[in-house]
Structure formats: C-alpha cells, structure tokens
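The primary structure of each chain is shown beneath.
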Amino acid sequence: MPLIIGIDVGGTNLRLGVVQYKAQYQEVGLENEPPKLLDEMRFKADFSGLCKLHGADSDQAWRKILSTIAAAVNAVRAKYPSVAAVGIGFPGFIDPYTQKISLSPNLPGLSNADLSEDLRALIALPVITENDALAAAYGEFVAAAQPINNLIYLGLGTGVGGGLILNRQPFQGQHGVAMEVGHIITFPDGRLCGCGNRGCMEQYASASGVSITYLEASGERCSAAEIAARAKNGDQNAIAAYSLAGDSLAQALAHILKVIDVTNVIIGGGMSAGWQYMQQAFQQRLDQDLIPALRGKVDVRISDMDDEAGIIGAAMLASKKL
Ligand SMILES: [Zn+2]
C-alpha cells in the first residue's frame, strides 16, 4: 500500500506523519478503509522567527525554511524508504492553479514562493502544498465515522482558519482564499485587525484574541492556555474572555451557514481545548443567529483527532494529485 508523508507546518514546529492508504481510495471513497497514520515525528522549526530575522532578505529565510523541511523529510525517509510523495499543509494562501504560496500572513515576506517545486528539487519526490486548514478539513473528512458529503472545519489557533469540503471535494476558491472566515466581522468598530478592518472574528475567537480580551479586563497578559486554567478556577474575567470567543465564533458560523448550508461543523486547533468555557455562549448565540430553516440542523463537534487531521489531510490531498 502506498505511503505518503503528510506535513503540518506550524509557526514554531513541523509535524510529519507517515500515512498509508489504499491506492483505490480516491475512487471508492469513504466506503473503503480510511487512511492510517503509521508514525508521527515532530521537529522544532521557528519559521516566523526566521522571516522576522531576515527581514528584507526573504530569499535567505526561504532557503532555510526549505532546508529545514527537506532535512525533516529525509529523517522520516530514512525509516520509511518507500515513501512516494509529500503533502504539505501550509499556513498561507495557496494558488490552486500554480500551487504557489501567494501570501502567508504569519510568515511575512513570502509571496509567490513555490514550496512544492523548490522542495521537490531538494528531495526528488513529488510535493503538493495546500492550505493548512483545508488539509485539516480533508483529514477530518476522510476519517469521519459515517460517510459525509460536506464539512466545515474551523481551526482556532493563533489565528482562525477555515476549510470546506463540498460534495466530497476540497474547495480552495479561485485564489486559494476560500473560507478565510477569521475575517468575518462580528463586532463592527471593534478591534483593528491585520487585514485592515475592525471587529474581525479572529480578533476575539483566536488564542491571541482571548489573551487581548483578558488583558483588557484584568490588566494581565496571559496565554489562552493559562486563561483556560484560570477559568477552571472560577476567574470571571477568564470565563468572560472565552464566552466572548464563543459568541464571536457563533456569529461568524451563522453567516457562513447562510452561504453554504452544511450540517457537519468541526472545531479544532489548540484553542478548542478551552471549548467548555466557550460552549454556552456559542450555543446561545448560534440558536439566536441561525436562520429558522437551519435551527436544529447543524452538528457542531470538537475534533478528536488532535494534530492528526492536518497531517492525514495533507497526505490524502497529495494522493489525489499523484
Ligand atoms: Zn481581519
């Protein structure tokens, strides 16, 4: 059975997995056996630090990023020499036609970078790059316990990413920007966002958003994980910060569902660990904002795949293009 390396590129680390799947998987789909993650390895890699360090000399940062990924792939290949390809979930907009990274908000300086081609030249394997949230959405889709046709994935991390599977196919959009849902405005005239607008959902529902909400209320700068721990101990400011995140997320989701009527919604990313403090406000707002035709018809679940969805999804998206 074929093996593909799936890679999830994060801001501070690289996660690689070896994914095994049946060759006829693409044709038969979910009636078939789901792909298996045989092994997972993690490598430290501060790519956002690299981009800041090299500033204007983005070429030098790019060469370091490439050599870091190539070394990680080669370490995995030493153990699994029969690997046939590499699929990468990258935090940026990937042009679906040229495969180039048109922009990566968290890795400034990278524009029109061709990760697939440049990495292929170093490792002599086919490389396919997709957006990281789309890869996670596809990973959730292929691992679903019941066959499903449509799925929305919302990844709550440093920012908020989204991925859409429509009629069993990943949906990138014309420019690879589809499901850029973190920039749906939920609080008009709210916090200024990196996109230039005010009140984007990402400013409230991401890890950094929760930290800002908590800082504004308490005067203390804490990580989202620390704020979740404080919420557990009954800190009202911490609970309120997560509630606001849940409210903002539900507002955005109600808008998304008016455009794409999808039943299955999966919430993942590091911030989903604080879901218990978001859930009540989320559900209340969703019940209120959903149009009546959709009330009671949306199945929102927290991902139980941890890091695996992004890795498996990246590998399986690559398998579709081999
Ligand atoms: Zn924005």
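Residues numbered from 1 in each chain as written. Predicted model: local features only at pLDDT ≥ 70, side-chain atom pairs only at ≥ 80, totals over all residues. Heavy atoms only, no water.

Quick look at the overall build of the protein
To be explicit about the condition: Working definition: helices are DSSP H or I runs of at least four residues, strands are E runs of at least two. Numbering for both runs from the N terminus. Using C-alpha atoms as the atom set, the radius of gyration is obtained and then compared with a globule rule of 2.2 Å times the number of residues to the power 0.38. Here the term buried applies to any residue with accessible area under 20% of the maximum for its type, exposed to any over 50%, and partly exposed to those in between, with areas from a 1.4 Å probe on protein chains only. Any two residues whose heavy atoms approach within 4.5 Å at even a single point are treated as in contact. Residue exposure ignores everything except the shown protein chains as possible cover, and the areas themselves are Shrake-Rupley values with a 1.4 Å probe. Only four residue types enter the charge count, namely Lys and Arg as positive and Asp and Glu as negative; His and the chain termini do not. In plain terms, the charge of a residue is placed at NZ if it is Lys, CZ if Arg, CG if Asp and CD if Glu.
For the protein, the count of helices and strands is 11 helices and 12 strands. Here the C-alpha radius of gyration of the protein, 19 Å, is about what a compact globule of 322 residues would show, namely 20 Å. Each principal axis of the C-alpha atoms in the protein carries an extent, and together these give about 55 × 50 × 35 Å. Per-residue burial over the protein gives 52% buried out of 322 residues. Across the protein, the fraction of contacts at a sequence separation of at least 24, relative to all contacts at a separation of at least 6, is 64%. For the protein, the accessible area works out to roughly 14,200 Å², and carbon and sulfur atoms hold 50% of it. Between the averaged position of the 25 positive side-chain charges in the protein and that of its 32 negative side-chain charges there is a distance of 1 Å.

Observations regarding the confidence of the model for the protein
We apply this condition: Per-residue confidence from the predictor is reported as pLDDT, which spans 0 to 100.
Considering every residue of the protein, the mean pLDDT works out to 92; 95% of them sit at 70 or more. Mean pLDDT across the secondary structure elements of the protein bottoms out at helix H1 (residues 25-28), with 48, and peaks at helix H9 (residues 236-259), with 98.

Let's talk about a negative patch on the surface
What counts is decided by this rule: Patches were defined on residues exceeding 30% relative accessible area and lacking a salt bridge, with like-charge contacts within 9 Å and nonpolar side-chain contacts (Val, Leu, Ile, Met, Phe, Trp, Tyr) within 5 Å. Salt bridges are defined as contacts in which a side-chain nitrogen from Lys or Arg sits within 4 Å of a carboxyl oxygen from Asp or Glu.
Judged by side-chain charge, Glu 40, Asp 304, Asp 306 and Glu 308 come together as a negatively charged surface patch. Looking at the element boundaries, Asp 304 is found in the loop between strand S12 (299-302) and helix H11 (308-321). Classification of Asp 304 by relative accessible area gives exposed; the value is 63%.

A short note on the coordination of the zinc ion
Here is the rule we go by: The donor definition counts N, O and S atoms within 2.8 Å of each metal and applies 3.2 Å to Na, K and Ca; water is not among these atoms, so some sites may look incomplete. Between 85 and 135 degrees for all angles marks four donors as tetrahedral; over 155 degrees for opposite donors together with 65 to 115 for all other angles marks four donors as square planar and six as octahedral; every other arrangement is irregular.
Taken together, the protein donors to the zinc ion comprise His 183 (ND1), Cys 193 (SG), Cys 195 (SG) and Cys 200 (SG), at separations of 2.0 to 2.3 Å. Coordination at the zinc ion is tetrahedral, judged from the four donor atoms that bind it and the angles of 101 to 122° they form at the metal. Mapping the donors of the zinc ion onto the primary sequence yields the spacing H-x9-C-x1-C-x4-C. Placement of the pair is His 183 in the loop between strand S10 (169-170) and helix H6 (202-205) and Cys 195 in the loop between S10 and H6, with a sequence separation of 12 residues.

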